[in-house]
Amino acid sequence: AFTISNGIAYVQAAIEKGLDVNQFGKRLSFFFNCHNHFFEEIAKFRAARRLWANIMKERFGATDEKALMCRFHTQTAGSTLQAQQIDNNIVRTALQATAAVLGGTQSLHTNARDEALALPTQQSAQLALRTQQIIAHETGIPDVADPLAGSEYIETLTNEIENGAMALVEKIDELGGAVLAIEQDYQQNEVASSAFDYQKAIDEGEKIIVGINKYETTKNDDVKIQSIDKVSVQQQLERLEKYKGERNNDEVKTSLASLKDTANGEENLIPHIIQAVKSHATLGEISDTLRSTFGEY
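Counting restarts for each chain: residues are numbered from 1 in the order of the written sequence. For this predicted model, a pLDDT threshold of at least 70 governs which residues receive local features, and a threshold of 80 or more governs which side-chain atom pairs are given and counted, while totals over whole chains, interfaces and linings are taken from all residues. Excluded from the side-chain calculations are hydrogens and water; all other atoms, namely the structure's heavy atoms, are used.

## Considerations on the sheet that holds strand S2 (residues 72–76)
Consideration 1: Taken in spatial order, the three strands line up as S1-S2-S3 in an open sheet, and their pairing is parallel. Where the open sheet ends on each side, the last strands, each with one partner, are strand S1 (30–34) and strand S3 (107–109). Sheet twist, expressed as the mean angle between neighbouring strand axes with direction ignored, is 25°.
Consideration 2: As paired elements, S1 and S2 share five bridges and run parallel to each other. Each bridged residue has a counterpart across the sheet, and for Asn33 the counterpart in S2 is Gln75.
Consideration 3: Two residues qualify as a contact provided that any one of their heavy atoms is within 4.5 Å of a heavy atom in the partner residue. The angle between two axes is taken between their N-to-C directions and runs from 0 to 180 degrees, where each axis is a line fitted to C-alpha atoms and a helix contributes only its stretch in contact. The helix and strand labels rest on DSSP assignments: H or I over at least four residues marks a helix, E over at least two residues marks a strand, and numbering proceeds from the N terminus. Strand contacts of helix H3 (residues 38–59): S1 and S2, with the helix running at about 160° to S1, the strand carrying the most contacts.
Consideration 4: Packed on one face of the sheet, helix H4 (residues 88–103) meets S1, S2 and S3 and runs near 165° to S2. Strand pairing follows a simple DSSP-based rule, namely that at least 2 bridges must link the two strands.

Laid out in structure tokens, this is it:
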């Protein structure tokens, strides 16, 4: 619901700038997570697609069929990965990825089994990729669009999630939209409350997490994790220092000053960001310039 509300804010702003919803609406996409409850996650994605189509049609008057589509990338949920018995994370990720495909995702990222401990090793990252490829090429799951449509359970869950999400969208509308709601800590408080309830259910044994509050083992996993190469870090820092030393820093300062001035007004930022890149400003410098004006959420 919060992601959808952010999308509403983007569409409203674009329309106010004079853009045609039927043109830019075809280029919008979302980023969703997929968590552990298999059927609920499938229903969540189905509800999001239906909800977004209705919003684009009824609120913003979109008529182009492609502008009504909810395109989304899905990443399996890193927050569900556990540091204990990390091979269990392979199963969690495989089920989450399968739910995302059944729910209609257009793009997918599968987390690696060891990401609760460190950045993934090359081997664990490859296994995460192979998980996707097995789903794509060996299961037949992607061959059918919305294969669970018509299931009484899935349709009921989809309706419940859509109605609940719409209630949250309406609440955010009452608060003045996504940005004003963030400034009033609404989304942050809702997420924190949900996280508290989830953790409480685990602590009290109401929700079972395998290897954490049930089916624990006394043997510690012997896991080879990724370690950061300090030599590579130093080399990168030296490359960055050399890069900054060889550019025209007066041009960099001018382009960043122009970007900052623009950020304080109503003009389109993109040409100024492009100019900053052409002057060899770094991504960090550009981001710091925008942060100094807009702050952080």
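Continuing now.
## Examining the packing of H3 against helix H6 (residues 152–174)
Consideration 1: The geometry of H3 relative to H6 is characterised by a closest axis approach of 8 Å and an angle of 50° between their N-to-C directions. Looking at the two axes, H3 sits oblique to H6. Relative to H6, H3 is oriented so that their crossing is right-handed. Of H6, the residues touching H3 (which contributes Phe39, Glu40, Ile42, Ala43, Lys44, Arg46, Ala47, Arg50, Leu51, Asn54 and Arg59) are Tyr153, Ile154, Glu155, Leu157, Thr158, Asn159, Ile161, Glu162, Ala165, Met166, Val169 and Asp173. Reported orientations rely on four angle classes, namely roughly parallel under 35 degrees, roughly antiparallel over 145, roughly perpendicular from 65 to 115, and oblique for the rest. By the definition used in this description, the sense in which the near helix is turned from the far one sets the handedness, with an anticlockwise turn below a right angle giving left-handed and a clockwise turn giving right-handed.

## Let's talk about the pairing of S2
Within a regular strand, the side chains alternate between the two sheet faces.
Consideration 1: Type-normalised accessible area, obtained with a 1.4 Å probe on protein chains alone, sets the label of each residue: buried when under 20%, exposed when over 50%, and partly exposed for intermediate values. Extensive coverage of S2 is indicated by the burial of four of its five residues.
Consideration 2: Taken together, S1, H3 and S2 form a β-α-β motif whose crossover is right-handed.
Consideration 3: Examined bridge by bridge, S2 and S3 share three bridges and lie parallel to one another. Across the sheet, Gln75 pairs through a bridge with His109, a residue of S3.
Consideration 4: One crossover worth recording links S2 to the parallel S3 by way of H4, and it is right-handed. We call a crossover right-handed when, viewed with the strands running away from us, the connection from the first strand over the helix to the second turns clockwise.

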